[in-house]
Amino acid sequence: MKHRVLKILRNLLFLLSIPLMLTAFVFASKQSNEVKCNHISVHIHNPDLTFIHNDDVMDIVQKTDFILHQTPANEIKLNTIEEHLVHNEWIEDANAYVDVKGDLYIDVYQRRPVLRVIEKNVGDAGYFLDHNAQTIELNEKYITRLPVATVPIIGQESLLQEVRTNLVTLAEFIQHDTFWNAAIGQIDVMDDGEIQLVSVFTNHTIRLGNTKDLDDKLERLRVFFKEGMTTVQWDLYDEIDVRFAGQVIGRNTHGKILAINPYDKKPQTTKPVASNNTLNTPKPKQNDTKNNTAIAVKKPDAQPKVIDNKINKSQKQTTPNNNATQIKKETKKVETQSSHINKNKK
């Protein structure tokens, strides 16, 4: 009997609690509708980038008909706030939500540039590319060291997007490698889309082609810089090609002479033309010259032998005297040096 009474009482209490629970729920809902948003918290997840600041986010939020301290928490258009934020060219993603107190929280993710692009014959302004190969307008608030690429004006959109994708792949590879980040000074894109590199180590133009097998191409180039430069006189070449598998090719495109060919014929020198006065002058006989002495012949009946003999006699006379004088000088020099040595010994 007692158990039955207790069971009935328990059921009655449960039935009476249902209206109380409904009343509390309605009251809480009414209170939440009357809660105003009195606080906004903005969190920028990559603060090292300086494209967006908290004030910029607040300006964007206020354009969505949101008024701080006046807009009820349940009337805040969270999707509209997120859409306005993502439409900003420097914001990649944004999340907005409201807590039980009615405070608004906003998370912002900035777009991170990986490359600066300068179009040829246009100017040095250019634009940035992010990791999705999407353009970012240059911003004076953001100053950092990034790889620089010069590109031609490409009218075909598909080719332009392919070039941008290759550039982003190359730029991210360079940034994550300390060696290449210090070694590559600039990236150049040719009219046909071929990628060339400019090294800060040498004056070579490095033909990379595209980013296919990029790891292998740059590894061969790394080995060349560390080992090949010391084995071959590479300064004779102005172009290095790593487009082909397993090869590092050096080219001399400026026409510089790399070596002297020993089989090249020496250029023939033109002989001087004799003057009219000496055209009819007879040549001296071969046995009339001694000691390779040149003889000037003035008359046909002159005797070059006599002139040659005189020269030879004078040479014979002066040669001994000259030799003796030279020997005396050398002897005197030696004696002087020996006397100085003896004095030093004493």
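Above this text sits the structure in question.
Residues numbered from 1 in each chain as written. Predicted model: local features only at pLDDT ≥ 70, side-chain atom pairs only at ≥ 80, totals over all residues. Heavy atoms only, no water.

**A word on the overall build of the protein**
Inference 1: Counting secondary structure elements, the protein contains seven helices and 12 strands.
Inference 2: For the protein, with 346 residues in total, the buried portion stands at 30%.
Inference 3: Considering only intrachain contacts with a sequence separation of at least 6, the fraction spanning at least 24 residues in the protein is 51%.
Inference 4: Total accessible area computed for the protein in this model is approximately 24,800 Å², and 54% of it derives from carbon and sulfur atoms. (Helix = DSSP H or I, 4+ residues; strand = E, 2+ residues; numbered from the N terminus. Buried < 20%, exposed > 50% of the residue type's maximum accessible area, 1.4 Å probe, protein only. Contact = heavy atoms within 4.5 Å. Areas by Shrake-Rupley, 256 points an atom, 1.4 Å probe, with all protein chains shown as cover.)

**Looking at the sheet that holds strand 11 (residues 239-241)**
Inference 1: Across the sheet, which stays open at both edges, the nine strands sit in the order 6-5-4-7-8-9-10-11-12 with mixed pairing between neighbours. Unpaired on one side and paired on the other, strand 6 (135-136) and strand 12 (249-251) mark the two borders of the sheet.
Inference 2: The pairing of strand 9 (residues 195-199) with strand 10 (residues 205-209) spans four bridges and is antiparallel. Within the sheet, the bridge partner assigned to Gln 196 lies in strand 10 and is Arg 207.
Inference 3: Lying on the sheet, helix 6 (residues 214-226) is in contact with strand 9, strand 10 and strand 11; it crosses strand 10 at an angle near 160 degrees. (Pairing = 2+ DSSP bridges. Axes fitted to C-alpha atoms, helices over the stretch in contact; angles between N-to-C directions.)

**Looking at the sheet that holds strand 1 (residues 40-44)**
Inference 1: Spatially, three strands are ordered 1-3-2 in an open sheet, and the strand pairing comes out mixed. Here the strands that pair on one side only, and so sit at the sheet edges, are strand 1 and strand 2 (91-98). Direction aside, the axes of adjacent strands within the sheet are offset by 15 degrees on average.
Inference 2: Bridge count between strand 1 and strand 3 (residues 104-110): five bridges; the pairing is parallel.

**A short note on unusual backbone geometry**
Inference 1: Its identity is not glycine, yet His 69 carries a phi of approximately 70 degrees, on the positive side.
Inference 2: Here His 69 lies in the loop between helix 2 (54-62) and helix 3 (78-86).
Inference 3: Even without a glycine there, the phi angle at Asp 213 is positive, about 55 degrees.
Inference 4: Structurally, the position occupied by Asp 213 is in the loop between strand 10 and helix 6.
Inference 5: Classification of Asp 213 as exposed rests on a relative accessible area of 51%.

**Looking at the pairing of strand 9**
For a regular strand, the rule is simple: side chains alternate between the two faces of the sheet.
Inference 1: Counting buried positions along strand 9 yields four of five residues, so the element is predominantly enclosed.
Inference 2: Relative to strand 9, strand 8 (residues 184-189) runs antiparallel, the two being bridged by five bridges. By the bridge assignment for strand 9, Ile 187 is matched with Leu 197.
Inference 3: In this antiparallel pair of consecutive strands, strand 8 and strand 9, the connection spans five residues, and Gly 193 shows a positive phi of 95 degrees.
Inference 4: The hairpin formed by strand 9 and strand 10 contains five residues between the paired strands.

**Comments concerning the pairing of strand 3**
Inference 1: Across the seven residues of strand 3, five count as buried, placing the element largely inside the fold.
Inference 2: Of the pairings in the sheet, the one linking strand 2 to strand 3 comprises seven bridges and is antiparallel in character. By the bridge assignment for strand 3, Tyr 97 is matched with Tyr 105.

**Structural notes on the packing of aromatic side chains**
Inference 1: Under the definition given, this model contains six aromatic pairs.
Inference 2: Consider the rings of Phe 179 and Trp 180, whose centres lie 4.8 Å apart with planes at 80 degrees: the pair is edge-to-face.
Inference 3: Grouping aromatic residues by their ring pairs yields a cluster made of Phe 179, Trp 180, Phe 224 and Phe 225.
Inference 4: Over the face of the ring belonging to Phe 179 we find Lys 226, whose NZ or CZ atom lies 5.4 Å from the ring centre. (Phe/Tyr/Trp six-rings, centres within 6.5 Å; stacked < 30°, edge-to-face > 60°. Lys NZ or Arg CZ within 6 Å of the ring centre and 35° of its normal.)

**Digging into the nonpolar core**
Inference 1: Core analysis: the largest hydrophobic core is formed by 34 residues, its most contacted members being Leu 115, Leu 167, Trp 180, Ile 187, Leu 197 and Leu 221.
Inference 2: The biggest single contributor to this core is helix 4 (residues 157-175), with seven residues. (Core = buried A, V, L, I, M, F, W, Y, C linked by side-chain atoms within 4.5 Å.)

**Details of the side chain of Asp 103**
Inference 1: Looking at the element boundaries, Asp 103 is found in the loop between strand 2 and strand 3.
Inference 2: For the buried Asp 103, no salt bridge is present, and the opposite-charge side chain at shortest range is Lys 101, 5.9 Å distant.
Inference 3: Residues contacting Asp 103, with those up to four places away along its chain left out, are Cys 37, His 39, Tyr 97 and Val 98. (Lys, Arg positive; Asp, Glu negative; His and termini not counted. Salt bridge = Lys/Arg side-chain N within 4 Å of Asp/Glu carboxyl O.)

**Comments concerning helix 4**
Inference 1: Between its first and last C-alpha atoms helix 4 spans 27 Å; for 19 residues at 1.5 Å apiece the expected length is 27 Å, and the two agree.
Inference 2: Within the span of helix 4, buried status applies to Leu 160, Val 163, Arg 164, Asn 166, Leu 167, Val 168, Leu 170, Ala 171 and Ile 174. (Expected span 1.5 Å × (residues − 1).)

**Points about the environment of Tyr 97**
Inference 1: Relative to the assigned elements, Tyr 97 resides in strand 2.
Inference 2: Leaving out residues up to four positions away in the same chain, Tyr 97 has contacts with Leu 78, Asp 103, Leu 104, Tyr 105 and Asp 107.

**Digging into helix 2**
Inference 1: Buried residues of helix 2: Val 57, Ile 60 and Val 61, and no others. Along the axis of helix 2, the buried residues cluster in a sector spanning 100 degrees; they form a single face. Structural note: helix 2 exposes Asp 55 and Gln 62 on the side pointing more than 90 degrees away from its buried face.
Inference 2: Buried residues belonging to helix 2 abut strand 1, helix 3, strand 2 and strand 3. (Arc of directions from axis to C-beta.)

Such coordinate-based values are descriptive only and should not be taken to indicate function.
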